[in-house]
Amino acid sequence: MRRQWARVWPDLDTEPIGIIARLGRAQAYIDPALDAVFAEHGLTRGAWDVLAALRRVGEPYRLTPTELYRALMRTSGAITHTLHRLEYAGLVERLLNPEDGRSLYVALTPHGVELTNAVAPLHVDNERRLLAGLTPDEQHTLAHLLRKLLLGWERENPVPTARQAGRAPRRHRH
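Below you will find a few notes about this structure. (Residues numbered from 1 in each chain as written. Predicted model: local features only at pLDDT ≥ 70, side-chain atom pairs only at ≥ 80, totals over all residues. Heavy atoms only, no water.)

1. Some details on a nonpolar patch on the surface
Part 1 of the argument: The grouping of I19, I20, L23, L131, L134, L142, L146, L149, L150 and W153 at the surface amounts to a nonpolar patch, some 790 Å² of accessible area in total.
Part 2 of the argument: For the nonpolar patch, the secondary structure elements donating two or more residues are α2 (15-39) and α7 (136-156).
Part 3 of the argument: The leading source of residues in the nonpolar patch is α7, at 5 residues.
Part 4 of the argument: Looking at the element boundaries, I19 is found in helix α2. (Patch = residues over 30% accessible without salt bridge, like charges linked within 9 Å, V, L, I, M, F, W, Y side chains within 5 Å. Areas by Shrake-Rupley, 256 points an atom, 1.4 Å probe, with all protein chains shown as cover. Salt bridge = Lys/Arg side-chain N within 4 Å of Asp/Glu carboxyl O. Helix = DSSP H or I, 4+ residues; strand = E, 2+ residues; numbered from the N terminus.)

Structure representation (C-alpha coordinates):
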(Lines give C-alpha, C1' and ligand atoms only; values in the text may rest on other atoms or scores of the structure.)
Protein backbone atom coordinates (compact mmCIF):
# COMPACT_ATOMS: atom_id res chain seq x y z
CA MET A 1 0.00 0.00 0.00
CA ARG A 2 2.72 2.43 0.96
CA ARG A 3 4.62 1.81 -2.29
CA GLN A 4 1.45 2.43 -4.27
CA TRP A 5 0.83 5.71 -2.44
CA ALA A 6 4.48 6.72 -2.89
CA ARG A 7 4.20 6.14 -6.64
CA VAL A 8 1.12 8.31 -7.09
CA TRP A 9 1.71 10.81 -4.27
CA PRO A 10 5.39 10.91 -3.33
CA ASP A 11 5.03 13.73 -0.78
CA LEU A 12 2.38 11.94 1.30
CA ASP A 13 3.86 10.58 4.56
CA THR A 14 2.33 7.10 4.81
CA GLU A 15 4.30 5.93 7.86
CA PRO A 16 1.12 5.61 10.03
CA ILE A 17 -0.44 3.26 7.46
CA GLY A 18 2.36 0.77 8.11
CA ILE A 19 1.24 0.47 11.72
CA ILE A 20 -2.53 0.90 11.58
CA ALA A 21 -3.00 -1.46 8.62
CA ARG A 22 -0.89 -4.10 10.37
CA LEU A 23 -2.97 -3.76 13.52
CA GLY A 24 -6.09 -4.39 11.41
CA ARG A 25 -4.49 -7.38 9.69
CA ALA A 26 -3.42 -8.77 13.08
CA GLN A 27 -7.00 -8.45 14.32
CA ALA A 28 -8.16 -10.45 11.29
CA TYR A 29 -6.05 -13.36 12.56
CA ILE A 30 -6.72 -12.88 16.26
CA ASP A 31 -10.54 -12.66 16.16
CA PRO A 32 -11.21 -16.04 14.51
CA ALA A 33 -8.55 -17.78 16.59
CA LEU A 34 -10.06 -16.54 19.85
CA ASP A 35 -13.64 -17.12 18.71
CA ALA A 36 -12.82 -20.75 17.78
CA VAL A 37 -11.68 -21.64 21.30
CA PHE A 38 -14.72 -20.02 22.86
CA ALA A 39 -17.11 -21.66 20.36
CA GLU A 40 -15.73 -25.10 21.28
CA HIS A 41 -17.21 -24.45 24.72
CA GLY A 42 -20.47 -22.87 23.57
CA LEU A 43 -19.32 -19.33 24.31
CA THR A 44 -19.03 -16.06 22.46
CA ARG A 45 -16.25 -13.57 23.14
CA GLY A 46 -18.73 -11.34 24.97
CA ALA A 47 -19.85 -14.23 27.17
CA TRP A 48 -16.23 -15.16 27.89
CA ASP A 49 -15.42 -11.57 28.83
CA VAL A 50 -18.22 -11.57 31.42
CA LEU A 51 -17.27 -14.97 32.86
CA ALA A 52 -13.58 -14.06 33.01
CA ALA A 53 -14.32 -10.69 34.65
CA LEU A 54 -16.34 -12.43 37.36
CA ARG A 55 -13.69 -15.13 37.87
CA ARG A 56 -10.84 -12.58 38.08
CA VAL A 57 -12.38 -10.72 41.03
CA GLY A 58 -12.08 -13.83 43.19
CA GLU A 59 -14.59 -15.38 45.50
CA PRO A 60 -17.51 -14.93 45.71
CA TYR A 61 -17.12 -14.17 41.94
CA ARG A 62 -19.67 -11.41 41.75
CA LEU A 63 -20.03 -7.86 40.42
CA THR A 64 -22.90 -5.51 39.79
CA PRO A 65 -24.07 -5.15 36.17
CA THR A 66 -22.75 -1.57 36.23
CA GLU A 67 -19.31 -2.75 37.35
CA LEU A 68 -19.34 -5.30 34.54
CA TYR A 69 -20.23 -2.92 31.73
CA ARG A 70 -17.70 -0.36 32.91
CA ALA A 71 -14.93 -2.95 33.27
CA LEU A 72 -15.68 -4.48 29.86
CA MET A 73 -16.33 -1.23 27.93
CA ARG A 74 -19.68 -2.52 26.72
CA THR A 75 -23.06 -0.87 26.76
CA SER A 76 -25.45 -1.75 29.54
CA GLY A 77 -27.77 -3.20 26.89
CA ALA A 78 -25.06 -5.49 25.52
CA ILE A 79 -24.20 -6.68 29.02
CA THR A 80 -27.88 -7.27 29.84
CA HIS A 81 -28.32 -9.38 26.69
CA THR A 82 -25.19 -11.43 27.47
CA LEU A 83 -26.25 -11.90 31.09
CA HIS A 84 -29.64 -13.27 30.01
CA ARG A 85 -27.92 -15.88 27.83
CA LEU A 86 -25.43 -16.81 30.56
CA GLU A 87 -28.17 -17.03 33.16
CA TYR A 88 -30.26 -19.26 30.88
CA ALA A 89 -27.20 -21.51 30.41
CA GLY A 90 -26.79 -21.79 34.19
CA LEU A 91 -23.40 -20.06 34.22
CA VAL A 92 -24.37 -16.96 36.20
CA GLU A 93 -27.11 -16.01 38.61
CA ARG A 94 -28.49 -12.70 39.81
CA LEU A 95 -28.44 -12.18 43.55
CA LEU A 96 -29.99 -9.44 45.65
CA ASN A 97 -27.44 -7.14 47.23
CA PRO A 98 -27.86 -7.75 50.98
CA GLU A 99 -26.66 -4.19 51.71
CA ASP A 100 -28.99 -2.54 49.19
CA GLY A 101 -32.17 -4.41 48.23
CA ARG A 102 -32.60 -2.17 45.17
CA SER A 103 -29.50 -3.53 43.45
CA LEU A 104 -28.34 -6.90 42.21
CA TYR A 105 -25.12 -8.79 41.87
CA VAL A 106 -24.22 -11.06 39.00
CA ALA A 107 -22.35 -14.11 40.28
CA LEU A 108 -20.79 -17.17 38.71
CA THR A 109 -22.60 -20.40 39.50
CA PRO A 110 -20.53 -23.48 40.35
CA HIS A 111 -21.00 -24.56 36.71
CA GLY A 112 -19.76 -21.11 35.58
CA VAL A 113 -16.65 -21.41 37.77
CA GLU A 114 -16.00 -24.91 36.42
CA LEU A 115 -16.33 -23.81 32.79
CA THR A 116 -14.21 -20.71 33.30
CA ASN A 117 -11.51 -22.79 35.00
CA ALA A 118 -11.51 -25.19 32.04
CA VAL A 119 -11.44 -22.52 29.31
CA ALA A 120 -8.96 -20.03 30.83
CA PRO A 121 -5.82 -22.18 30.31
CA LEU A 122 -6.92 -23.06 26.75
CA HIS A 123 -7.53 -19.39 25.99
CA VAL A 124 -4.12 -18.31 27.34
CA ASP A 125 -2.39 -21.14 25.42
CA ASN A 126 -4.16 -19.96 22.27
CA GLU A 127 -2.96 -16.40 22.84
CA ARG A 128 0.57 -17.72 23.49
CA ARG A 129 0.40 -19.58 20.16
CA LEU A 130 -0.69 -16.40 18.38
CA LEU A 131 2.35 -14.58 19.78
CA ALA A 132 4.85 -17.40 19.15
CA GLY A 133 6.48 -15.47 16.30
CA LEU A 134 7.91 -13.03 18.84
CA THR A 135 10.55 -13.66 21.48
CA PRO A 136 9.57 -13.04 25.11
CA ASP A 137 11.50 -9.74 25.02
CA GLU A 138 9.71 -8.69 21.82
CA GLN A 139 6.35 -9.59 23.38
CA HIS A 140 7.20 -7.46 26.42
CA THR A 141 8.22 -4.53 24.19
CA LEU A 142 5.06 -4.85 22.09
CA ALA A 143 2.87 -4.99 25.22
CA HIS A 144 4.60 -1.88 26.57
CA LEU A 145 4.18 0.07 23.32
CA LEU A 146 0.52 -0.92 22.91
CA ARG A 147 -0.15 0.06 26.54
CA LYS A 148 1.44 3.45 25.92
CA LEU A 149 -0.62 3.95 22.75
CA LEU A 150 -3.87 2.92 24.47
CA LEU A 151 -3.26 5.14 27.49
CA GLY A 152 -3.00 8.12 25.16
CA TRP A 153 -6.19 7.20 23.35
CA GLU A 154 -8.02 6.51 26.60
CA ARG A 155 -7.10 9.91 28.03
CA GLU A 156 -8.88 11.50 25.06
CA ASN A 157 -11.79 9.04 24.89
CA PRO A 158 -12.19 6.68 27.88
CA VAL A 159 -14.61 4.37 26.04
CA PRO A 160 -14.20 3.64 22.33
CA THR A 161 -17.16 5.09 20.44
CA ALA A 162 -18.07 1.86 18.60
CA ARG A 163 -18.27 -0.06 21.85
CA GLN A 164 -20.28 2.74 23.47
CA ALA A 165 -22.81 2.39 20.69
CA GLY A 166 -22.82 -1.40 21.04
CA ARG A 167 -21.61 -2.02 17.46
CA ALA A 168 -18.49 -3.50 16.03
CA PRO A 169 -15.90 -0.97 14.94
CA ARG A 170 -15.85 -0.11 11.23
CA ARG A 171 -12.85 -1.35 9.32
CA HIS A 172 -11.07 1.25 7.24
CA ARG A 173 -8.97 0.38 4.21
CA HIS A 174 -5.98 2.60 3.50
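2. Some words on the nonpolar core
Part 1 of the argument: Residues L43, V50, L51, L54 and L68 are the most contacted members of the largest nonpolar core, which totals 24 residues.
Part 2 of the argument: Those elements that provide at least two residues to this core are α2, α3 (45-56), α4 (65-72), α5 (76-88), β3 (100-108) and α6 (110-130).
Part 3 of the argument: For this core, the element with the highest residue contribution is α3, accounting for 7 residues.
Part 4 of the argument: Among all residues touching L43, those that are not within four sequence positions of it are F38, W48, L51, L91, L115 and V119. (Core = buried A, V, L, I, M, F, W, Y, C linked by side-chain atoms within 4.5 Å. Buried < 20%, exposed > 50% of the residue type's maximum accessible area, 1.4 Å probe, protein only. Contact = heavy atoms within 4.5 Å.)

3. A look at the layout of surface pockets
With a probe scaled to a water molecule rolled over the atoms, the places where space remains empty come into view.
Part 1 of the argument: Each pocket or cavity is described by its volume, and for the second largest pocket that value is around 160 Å³.
Part 2 of the argument: What lines the second largest pocket is simply M1, R2, R3, I17, G18, A21, R22 and R25.
Part 3 of the argument: For the lining of the second largest pocket, the secondary-structure elements that each account for two or more residues are α1 (2-8) and α2. (1 Å grid on protein atoms, 1.4 Å probe; cavity = no way out; pocket = protein on both sides within 12 Å on 5 of 7 lines; lining within 4 Å. Points joined across faces, edges and corners; volume = space filled by probe spheres on them.)

4. Focus on the packing of aromatic side chains
The description of an aromatic ring pair rests on the distance of the ring centres and on the angle between the ring planes.
Part 1 of the argument: One pass over the structure, following the stated rule, counts 2 aromatic pairs.
Part 2 of the argument: Taking the centre distance of 5.5 Å and the plane angle of 20° together, the rings of F38 and W48 count as stacked. With F38 in helix α2 and W48 in helix α3, this pair connects stretches of sequence that are 10 residues apart.
Part 3 of the argument: Accessibility expressed as a relative area gives 1% for F38, which makes it buried.
Part 4 of the argument: In this structure W48 comes out as buried when scored by relative accessible area, which is 6%.
Part 5 of the argument: Just above the ring of Y105 sits the side chain of R62; from NZ or CZ to the centre is 4.3 Å. (Phe/Tyr/Trp six-rings, centres within 6.5 Å; stacked < 30°, edge-to-face > 60°. Lys NZ or Arg CZ within 6 Å of the ring centre and 35° of its normal.)

5. Digging into the packing of α3 against α5
Part 1 of the argument: Packing of α3 against α5 brings their axes to within 10 Å, and their N-to-C directions diverge by 80°. One way to sum up the angle between α3 and α5 is to call them roughly perpendicular. Taken together, the residues of α5 that come into contact with α3 (itself represented by G46, A47, V50 and L51) are I79, T82, L83 and L86.
Part 2 of the argument: Each residue belonging to the contact of α3 with α5 can be placed in one class, and the counts come to 6 nonpolar, 2 polar and no charged. (Axes fitted to C-alpha atoms, helices over the stretch in contact; angles between N-to-C directions. Parallel < 35°, antiparallel > 145°, perpendicular 65-115°, else oblique. Nonpolar A, V, L, I, M, F, W, Y, C, P; charged D, E, K, R; others polar.)

As far as function goes, none of this settles anything; it's purely spatial.
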